[in-house]
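Report on the structure
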Amino acid sequence: MSRYSPAEIEANWRKAWDEAGIFRAGNDPAKPKYYVLEMFPYPSGRIHMGHVRNYTMGDVIARHKLATGHNVLHPMGWDAFGMPAENAAMASGGHPKDWTYQNIADMRAQMKPLGLSIDWSREFATCDPEYYGQQQALFLDMLEAGLVYRKNAVVNWDPVDMTVLANEQVENGRGWRSGAEVERRELTQWFFAISDMAEELLEALDTLDDWPAKVRLMQENWIGKSRGLQFAFGLNEGPDGFDRIEVYTTRPDTLMGASFVGISPDHPLAKQLEKDDAELAAFNAECRKGGTTEEALEKAEKRGYNTGLTVRHPFDTAWELPVYVANFILMDYGTGAIFGVPAHDQRDFDFATKYALPIIPAFLPSEDADPQLNAPYVPPKTEPVHYVSTIAGDTWQTGAEAIEATIAFCEQNGVGQGVTKYRLRDWGLSRQRYWGCPIPVVHCDACGVVPEKKENLPIRLPDDVTFDVPGNPLDRHPTWRNAPCPKCGADARRETDTMDTFVDSSWYFIRFTAPHADTPTDIAAAEYWMNVDQYIGGVEHAILHLLYSRFFARAIHITGHLPKSASEPFNALFTQGMVTHEIYQTRDENGRPVYHLPEDVQDGKLADGTPVQIVPSAKMSKSKKNVVDPIGIIDAYGADTARWFVLSDSPPERDVEWTAAGAEAAFKHLSRVWRIASEIAASDAPGTSEADEALLREMHKAIHDVTGGVESFGFNAAIARLYAFTGVLAKSEAGAQAKRAAARTLAQLMAPMTPHLAEEMWQMLGGEGLVAVAPWPVADPAMMQDDTITLPVQINGKRRTEIQVPQEMAKDEVEKIALATDAVQRALEGAQPKKVIVVPGRIVNVVI
Ligand code: ANZ
Ligand code: ZN
């Protein structure tokens, strides 16, 4: 072979690794363990550059850990349940199962050429009955432990697809898939009791030092802890059984600025009133349309309905406030009722303006400020303000102080209690979908909801289902629903809801530690391998997936399947940037943009000569056609080039822009490395001892820097260092033996990034065995020191100049050079110094 030919070498090395079994997770008790995991993929059918970047990063770490003597666990699996498989079935008439497993086979085949150090023996898909059966077992244990329960809840209902939608699936009030206007419905649903753990999940964020600060902050905001006051307004002439309205406020200090009370359309009082008020019933029905998200409510126009009822102000019972039903009040936050303070809240201000309600300031910037507001006054809580009419403490204080003082005052006067609330709600897991994990319970007329017996697990999905009509195929299956009651044996009905696919991804990382155990986990294996030492994935999963996984790790501990020490499952988290590409666009006759694939554009033109407009780089996406298919790159240049490119150029946490020129340059560099290595392998030229020495010194510096880069997610810096060291090696006049040693080290240092090329070099250069398992080189600190050092020269304790001297120079020689400097000569004015102190390697002090 006379040139670098990845197509000829890469497959061979993968075979060699396979046969040697070096990536099977080791369990040599003498070695420390290391568990590295990239977020597992959804089997869409094709890998993309984002996968390549994500898995290559994890692979660099896994390979480095393997070479530094660890038992490494680096598994791969498939997040395989979910809507797209059902959508494909609806669109093309196939079966979700066939679609999914075919995609998995395709993606596995596309992924294998990347040369990842995966332990494929642990592979599973979440749609494997073996996996979801254990998930059902976990569910039953969680049910018993009170971690999952049923309740009525308002959900987003897609009337066309006839399913519940998650908040994220509602776009501008419409179903993301059907485009139908979403309705709010009350259904009995299963919930995980995650909100009981809100405080713990919040507090433990502080222990996650190796997580990005921004991710911890996002989790903190999602959990949304707040302190406030809960109290009741007395209701005048309410319907039977309603004599008060309980409210929650985080701004009790604004109570003297209240101008109305608002209740949610789903509030029990609103529901009672609508029975005798058709207009209100219509208003409530209208409000129940549109999503349940805070965002949806925030965007929607603020609307209210005056019930005609009034409440009494707690501090002035003669003061009456009107009661409105308002569309912006959520039933499942706080108490589902508020008091509105238009003077200090934009939303309330808009509402008051619309319904001509008074705007009464509770505080103002100063004592003589104009109380007539034409916009809400909302200073930071830390700013001192003047309280117009204070019910607690000083007239001049910060919002934060006034809030605490008001809470204390209210508690003393029996008006309410200070409470802590969390925005985090319980996690609704019921989905009216086929392609998910069946919820293992049975509904019996006599016994109610009865958990399945564990020996009946897995409750398998039936294969014979149809997708020709909307709704849940499990509901209309002729027999699947029928099951005997596990308690009384009578004919009963299976639950036909399946689990949210977030459940599947909330514990897969634990299952990898014992993927075929006949219980959810194998305690010993979990104890050994957990936690995940390094987790790597996209920041788009920063909130839900990670929060749910943190909840599940705790739940699995509570149900006895995981040691307590693994309650925070991911020791370190890294969120990588995206792979971007320029967008090439032309316009059709109506001026609408038409996008073109990078491979169809040459020098800014299409094949027929039409110039394209170049839109700046953005995340690769099919809709913009700015995608480069990794398969094409691997075919053209080999996997090592693709790996090298996605790691170079940008720090891993930032986006990296894929360019054809960059890929070409990466390939050229690897070709050059290959050429240098083969020349060195064939050479027996002698060299000078100085050249040998110089090369080895550079080699040790490279070992040091590349190791540091690999260990600290500085992959791009490590690669820059490898470029430089390659240049040194190419120019070196050292002898063949020294060069071979240096080139073997280069192979080792490149092995995590370009594992195939590294093996090839290692073999050419006489390395023993596989470079993948060769012990990682260690930098010799003595060899890293430069030959010359810089010493500061002080005169009477003041730094005046510096000198360059050889590292090993004798003291009296150093003294001579120091005394000869202009600065010292000038200071001496011909005299002799009183004393000269040389601290070797540090400083020269001249006393005059
Ligand atoms: C009076 C007030 C005056 C409020 C003011 C705010 C500003 P955070 O702080 O985010 O937790 N609220 C309470 N329950 C609600 C519900 N179910 N739906 C919609 N809004 C609700 O939010 C708490 C504040 O949001 C509460 O404090 C309440 O309005 C409102 F100048 O009470 B506030
Ligand atoms: Zn029964």
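Being a predicted model, the structure only gives us computed values, none of them experimental. (Residues numbered from 1 in each chain as written. Chains lettered and ligands numbered in written order. Predicted model: local features only at pLDDT ≥ 70, side-chain atom pairs only at ≥ 80, totals over all residues. Heavy atoms only, no water.)

Here we come to the overall build of the protein. Counting secondary structure elements, the protein contains 27 helices and 34 strands. Judged by the C-alpha coordinates and their principal axes, the protein covers about 105 × 80 × 65 Å. Per-residue burial over the protein gives 54% buried out of 848 residues. Looking at the protein alone, contacts between residues at least 24 apart form 72% of all its contacts between residues at least 6 apart. Approximately 37,300 Å² of the protein is accessible, and the part contributed by carbon and sulfur atoms is 49%. The centroid of the 82 positive side-chain charges in the protein is displaced by 3 Å from the centroid of its 117 negative side-chain charges. (Helix = DSSP H or I, 4+ residues; strand = E, 2+ residues; numbered from the N terminus. Buried < 20%, exposed > 50% of the residue type's maximum accessible area, 1.4 Å probe, protein only. Contact = heavy atoms within 4.5 Å. Areas by Shrake-Rupley, 256 points an atom, 1.4 Å probe, with all protein chains shown as cover. Lys, Arg positive; Asp, Glu negative; His and termini not counted. Charge placed at Lys NZ, Arg CZ, Asp CG, Glu CD.)

A few words now on the coordination of the zinc ion (ligand 2). Angles between donor atoms at a metal ideally measure 109.5 degrees for a four-coordinate tetrahedral arrangement and either 90 or 180 degrees for a six-coordinate octahedral one. All of the protein donors around the zinc ion (ligand 2) are Cys444 (SG), Cys447 (SG), Cys485 (SG) and Cys488 (SG); their distances to the metal are 2.2 to 2.4 Å. Viewed at the metal, the four donor atoms of the zinc ion (ligand 2) are separated by angles of 107 to 113°, and the geometry they form is tetrahedral. Here the donor residues of the zinc ion (ligand 2) are spaced in sequence according to C-x2-C-x37-C-x2-C. Of this pair, Cys447 sits in the loop between strand E20 (441–444) and strand E21 (448–451) while Cys485 sits in the loop between strand E22 (482–484) and strand E23 (491–494), and the two are 38 residues apart along the sequence. Looking at Cys447, the relative accessible area reads 25%, which means it is partly exposed. Residue class for Cys485 comes out buried when judged on its relative accessible area of 3%. (Donors = N, O, S within 2.8 Å, 3.2 Å for Na, K, Ca; no water. Tetrahedral: all angles 85-135°; square planar, octahedral: opposite > 155°, others 65-115°.)

We now examine the UniProt feature "domain: Aminoacyl-tRNA synthetase class Ia" (unreviewed entry) in the protein. In the numbering used here, UniProt assigns the feature "domain: Aminoacyl-tRNA synthetase class Ia" (unreviewed entry) to residues 424–581 and 619–658. Helix makes up 22% of residues 424–581 and strand 21%, whereas the separation of the span's terminal C-alpha atoms amounts to 37 Å. Annotated as 42% helix and 8% strand, the span residues 619–658 places its first and last C-alpha atoms 10 Å apart. (UniProt positions renumbered as here; feature names shortened; annotations may be inferred.)

For ligand 1, the set of nearby residues contains 18 residues, the closest of which are Thr249, Leu330, Tyr333, His344 and Arg423. Between Ser226 and ligand 1, the recorded distance is 3.4 Å, taken from a side-chain N or O atom to an oxygen atom. Tyr333 places a polar side-chain atom, nitrogen or oxygen, 2.4 Å from an oxygen atom of ligand 1. Protein contact buries 85% of the 640 Å² of open area that ligand 1 shows by itself. Elements represented by at least two residues in the shell around ligand 1 include exactly strand E9 (244–249) and strand E13 (337–340). For the shell around ligand 1, the per-class residue count stands at eight nonpolar, six polar and four charged. (Near = heavy atom within 4 Å. Polar contact = N/O pair within 3.5 Å; in protein donor to acceptor, adjacent residues only side chain to side chain. Nonpolar A, V, L, I, M, F, W, Y, C, P; charged D, E, K, R; others polar.)

Split by domain assignment, the protein resolves into domain 1 (1–24 + 629–783), domain 2 (25–137 + 503–576), domain 3 (225–422), domain 4 (583–619) and domain 5 (788–847). A straight line from the C-alpha centre of domain 1 to that of domain 3 covers 66 Å. (Domains from an automatic or database assignment.)

Formed by 163 residues in total, the largest nonpolar core has its most connected members in Tyr508, Phe552 and Trp658. Taken together, domain 1 (1–24 + 629–783) and domain 2 (25–137 + 503–576) each give at least three residues to this core, which thus spans both. Discounting residues that sit within four places of it in the chain, Phe552 has contacts with Leu138, Met142, Phe192, Trp427, Val503, Ser506 and Trp507. Formed by 31 residues, the second largest nonpolar core is a distinct cluster that contains Ile245, Leu269, Phe283 and Val311. (Core = buried A, V, L, I, M, F, W, Y, C linked by side-chain atoms within 4.5 Å.)

Turning next to the pairing of strand E12 (residues 316–326). Note that strand E10 (residues 260–263) and E12 share three bridges and pair parallel. Looking at the pairing, Ile263 lines up with Val325 of E12. Judged from the seven bridges that link them, strand E11 (residues 304–313) and E12 form a sheet pairing that is antiparallel. If you follow Asn306 over to E12, its bridge partner there is Tyr324. Two successive antiparallel strands, E11 and E12, enclose a turn made up of two residues. (Pairing = 2+ DSSP bridges.)

Turning our attention to the UniProt feature "short sequence motif: 'HIGH' region" (unreviewed entry) in the protein. What UniProt calls "short sequence motif: 'HIGH' region" (unreviewed entry) maps, in this numbering, to residues 41–51. Between the end C-alpha atoms of residues 41–51 the distance is 8 Å, and the span holds 27% helix and 0% strand.

Here the focus is the packing of aromatic side chains. The full count for this structure, using the stated rule, is 44 aromatic pairs. Pairing Trp427 with Tyr548 gives two aromatic rings, centres 3.6 Å apart and planes at 5°, and the pair type is stacked. Taken as a pair, Trp427 in strand E18 (residues 427–428) and Tyr548 in helix H17 (residues 544–558) lie far apart in primary sequence, 121 residues in all. The exposure class assigned to Trp427 is buried, which follows from its relative accessible area of 2%. (Phe/Tyr/Trp six-rings, centres within 6.5 Å; stacked < 30°, edge-to-face > 60°.)

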